[in-house]
Amino acid sequence: MPETERVDVHGHTVSGVDVGPETRCAHYDAERDVVALRLACCGDFYSCFRCHDAAADHDRERWSQDEYDVDAVLCGVCGATLTVAEYLDCDSTCPDCGAAFNPGCADHHDLYFEV
Ligand SMILES: [Zn+2]
Ligand SMILES: [Zn+2]
Ligand SMILES: [Zn+2]
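These numbers were taken from a predicted model, which means no experiment stands behind them.

1. Thoughts on the coordination of the zinc ion (ligand 2)
Move 1: Within the protein, the zinc ion (ligand 2) binds to Cys25 (SG), His27 (ND1), Cys48 (SG) and Cys51 (SG); these donor distances fall in the range 2.1 to 2.3 Å.
Move 2: One can describe the donor arrangement at the zinc ion (ligand 2) as tetrahedral, given that its four donor atoms subtend angles of 99 to 118 degrees at the metal.
Move 3: Taken in chain order, the donor set of the zinc ion (ligand 2) reads C-x1-H-x20-C-x2-C.
Move 4: Judged by relative accessible area, which is 2%, cysteine 25 ranks as buried.
Move 5: Assessed through its relative accessible area of 26%, histidine 27 is described here as partly exposed.

Structural data, given as structure tokens:
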């Protein structure tokens, strides 16, 4: 098991492996990897799904389309939380601070959300 840790990011606790101040982690460490996600199974923020699997002792669950109003996304740059619907609609840009999010994340939205 890799070492996992819990980091305070703008007042939110984000868990994962090598979590940085803007929620980058051991798995996603690029300039625009500044989003943390709350998982439906436990309601906790993780840097990414792999961080969840390393730190949590249970299977991952996704947000259903009925739950798109949950604030499941955290911008690591400014600390704003976005609902699932806001995140899916934000065009890879934080609506609060304008930070660019990694557009590649869209490739695995289905790991977090029922799309
Ligand atoms: Zn969980
Ligand atoms: Zn990670
Ligand atoms: Zn932001």
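2. Examining the coordination of the zinc ion (ligand 3)
Move 1: At this site the zinc ion (ligand 3) is bound by Cys75 (SG), Cys78 (SG), Cys94 (SG) and Cys97 (SG), with donor distances of 2.3 Å.
Move 2: Taken together, the four donor atoms surrounding the zinc ion (ligand 3) define angles of 107 to 113 degrees at the centre, an arrangement classified as tetrahedral.

3. Observations concerning the pairing of strand S2 (residues 12-16)
Move 1: Inspection of the sheet shows strand S1 (residues 5-9) paired to S2 by five bridges, in the antiparallel sense. Residue pairing for S2: valine 7 is matched across the bridge by valine 14.
Move 2: Hairpin geometry of S1 and S2 is characterised by an intervening segment of two residues between the two adjacent antiparallel strands and by a positive phi of about 50 degrees at histidine 10.
Move 3: Sheet topology places S2 next to strand S4 (residues 45-46); two bridges connect them, and they run parallel.

Calculation criteria
- Residues numbered from 1 in each chain as written.
- Chains lettered and ligands numbered in written order.
- Predicted model: local features only at pLDDT ≥ 70, side-chain atom pairs only at ≥ 80, totals over all residues.
- Heavy atoms only, no water.
- Donors = N, O, S within 2.8 Å, 3.2 Å for Na, K, Ca; no water.
- Tetrahedral: all angles 85-135°; square planar, octahedral: opposite > 155°, others 65-115°.
- Buried < 20%, exposed > 50% of the residue type's maximum accessible area, 1.4 Å probe, protein only.
- Pairing = 2+ DSSP bridges.
- Helix = DSSP H or I, 4+ residues; strand = E, 2+ residues; numbered from the N terminus.

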